[in-house]
Amino acid sequence: MTIALSSIPTGVLRVRNESDRGYTVIAADPRAQRKLWRDYLFGAESAYDRHGCAAALELDAVIGGEGTALFYVVLDDENRIVGGLRVQHRFDAAAQSHALEEWAGQPGQVDLVNAIESRLTGGVVEVKTAWVDERSPLAADVAGQLSRLGLVIMEMSGVDHMMATAADHVLRRWESGGGRVDESVSATPFPDDRYRTRLMWWERAELQERTSPETWRRMRYEADMLQTLVPQSSGVRG
């Protein structure tokens, strides 16, 4: 795979872990990077299928990319996608959130709507379709990297608030990056009764105090790198 970075409106982050394994984070517009976008979604489909919840992905509804402002992928040293997430467009109303469908008929739906609407003035975006290839030796690093993207996502989106919904045990892993489960919104059994899906918020003004000094340092550096324009001569080859 060859990725023409000249059409990606942001920077590329290259990281090496303590075991000297490397990975690359790329942010892109799905309409500008169609193949990368489809590869990311097909990777998500495989990951969701392994966990028995592929229906929650709603691939047919999202593959066109119209509902996604940006997506982030993590590639290993062989340029295989080993995780990623996508960011929806800034909300004008709570009704634009897919979470309302996830809480349909549940007692917490009114609290969910109130939580979103109370933040609309500062701007809200929602993260969806986050996944990590648990078979990869980089799985732990990728999960940690995704948890640290809140700052750059909010800065690039020009908003003060970011939300995500997922099973509560998954969201707990993201707390290291400043996310907090909204205890005012009760869990919902989505996509089925095996799960307790919760709502998590990242608040831009509170991220530094909600993360460790080392995590904040990394988030600040990574956000700066991912917002650095890519030279038009650059490229990632595989």
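Structure first, text after, so check above.
Residues numbered from 1 in each chain as written. Predicted model: local features only at pLDDT ≥ 70, side-chain atom pairs only at ≥ 80, totals over all residues. Heavy atoms only, no water.

Draft legend 1. Representation of the overall build of the protein in the model. On a plain count of helices and strands, the protein comes out with 8 helices and 10 strands. A total of 238 residues make up the protein; the buried ones form 51% of that total. When contacts within the protein are restricted to residue pairs at least 6 apart in sequence, long-range pairs at least 24 apart make up 73% of them. Carbon together with sulfur atoms contributes 48% to the accessible area of the protein, which is approximately 11,000 Å² in total. (Helix = DSSP H or I, 4+ residues; strand = E, 2+ residues; numbered from the N terminus. Buried < 20%, exposed > 50% of the residue type's maximum accessible area, 1.4 Å probe, protein only. Contact = heavy atoms within 4.5 Å. Areas by Shrake-Rupley, 256 points an atom, 1.4 Å probe, with all protein chains shown as cover.)

Draft legend 2. The layout of surface pockets, seen in detail. Taken as a whole, the largest pocket spans an internal volume of roughly 1,100 Å³. For the lining of the largest pocket, the residue count by class is 24 nonpolar, 13 polar and 8 charged. In this structure, the second largest pocket occupies an estimated 180 Å³ of space. Along its surface, the second largest pocket is lined by 13 residues, and Asp76, Arg80, Ser136, Pro137 and Leu138 are the ones closest to its centre. For the lining of the second largest pocket, the residue count by class is 4 nonpolar, 2 polar and 7 charged. (1 Å grid on protein atoms, 1.4 Å probe; cavity = no way out; pocket = protein on both sides within 12 Å on 5 of 7 lines; lining within 4 Å. Points joined across faces, edges and corners; volume = space filled by probe spheres on them. Nonpolar A, V, L, I, M, F, W, Y, C, P; charged D, E, K, R; others polar.)

Draft legend 3. Geometry of the nonpolar core. With 34 residues, the main nonpolar core has Tyr72, Leu85, Leu149, Ile153 and Trp202 as its most contacted residues. Sequence-distant contacts of Leu85, defined by excluding residues within four places in its chain, comprise Tyr40, Phe71, Tyr72, Val127, Lys128, Thr129, Ala130, Leu146, Leu149, Ile153 and Trp174. Counting 19 residues, the second-largest nonpolar core is a separate cluster that includes Val12, Leu57, Ile63 and Trp131. (Core = buried A, V, L, I, M, F, W, Y, C linked by side-chain atoms within 4.5 Å.)

Draft legend 4. Region of the structure containing the packing of helix H6 (residues 150-157) against helix H8 (residues 213-226). At a minimum axis separation of 8 Å, H6 and H8 run at an interaxial angle of 40°. In terms of axis orientation, H6 runs oblique to H8. As for the relative orientation of H6 and H8, their crossing is right-handed in sense. For the pair formed by H6 and H8, the contact residues are Leu151, Val152, Glu155 and Met156 on the first element and Trp216, Met219, Arg220, Ala223 and Leu226 on the second. Of the residues in the contact of H6 with H8, the class split is 7 nonpolar, no polar and 2 charged. (Axes fitted to C-alpha atoms, helices over the stretch in contact; angles between N-to-C directions. Parallel < 35°, antiparallel > 145°, perpendicular 65-115°, else oblique. Left-handed = near helix turned anticlockwise from the far one by under 90°.)

Draft legend 5. Focus on the packing of aromatic side chains. Counted by the stated rule, this structure contains 4 aromatic pairs. Judged by centre distance (5.1 Å) and plane angle (65°), the ring pair of Trp37 and Phe71 falls under edge-to-face. Of the two residues, Trp37 is situated in helix H1 (residues 34-50) and Phe71 in strand E4 (residues 68-76); the sequence distance between them amounts to 34 residues. Across this residue pair, the class does not change: Trp37 and Phe71 are buried. Within the aromatic cluster, the residues linked to one another by ring pairs are Trp37, Tyr40 and Phe71. Taking the ring centre of Trp201 as reference, the NZ or CZ of Arg119 above it sits at 4.0 Å. (Phe/Tyr/Trp six-rings, centres within 6.5 Å; stacked < 30°, edge-to-face > 60°. Lys NZ or Arg CZ within 6 Å of the ring centre and 35° of its normal.)

Draft legend 6. Region of the structure containing the sheet that holds strand E8 (residues 180-181). On the basis of which strands lie adjacent, the open sheet formed by 8 strands has the order E2-E3-E4-E5-E6-E7-E9-E8 and mixed pairing. Bordering the open sheet on either side are strand E2 (12-16) and E8, each of which pairs with just one other strand. As paired elements, E4 and strand E5 (residues 81-88) share 7 bridges and run antiparallel to each other. Bridge assignment links Thr68 to a residue of E5, and that residue is Gln88. Sheet strands touched by H1: strand E3 (22-28), E4, E5 and strand E6 (124-132). Its angle to E6, the strand with the most contacts, is close to 65°. (Pairing = 2+ DSSP bridges.)

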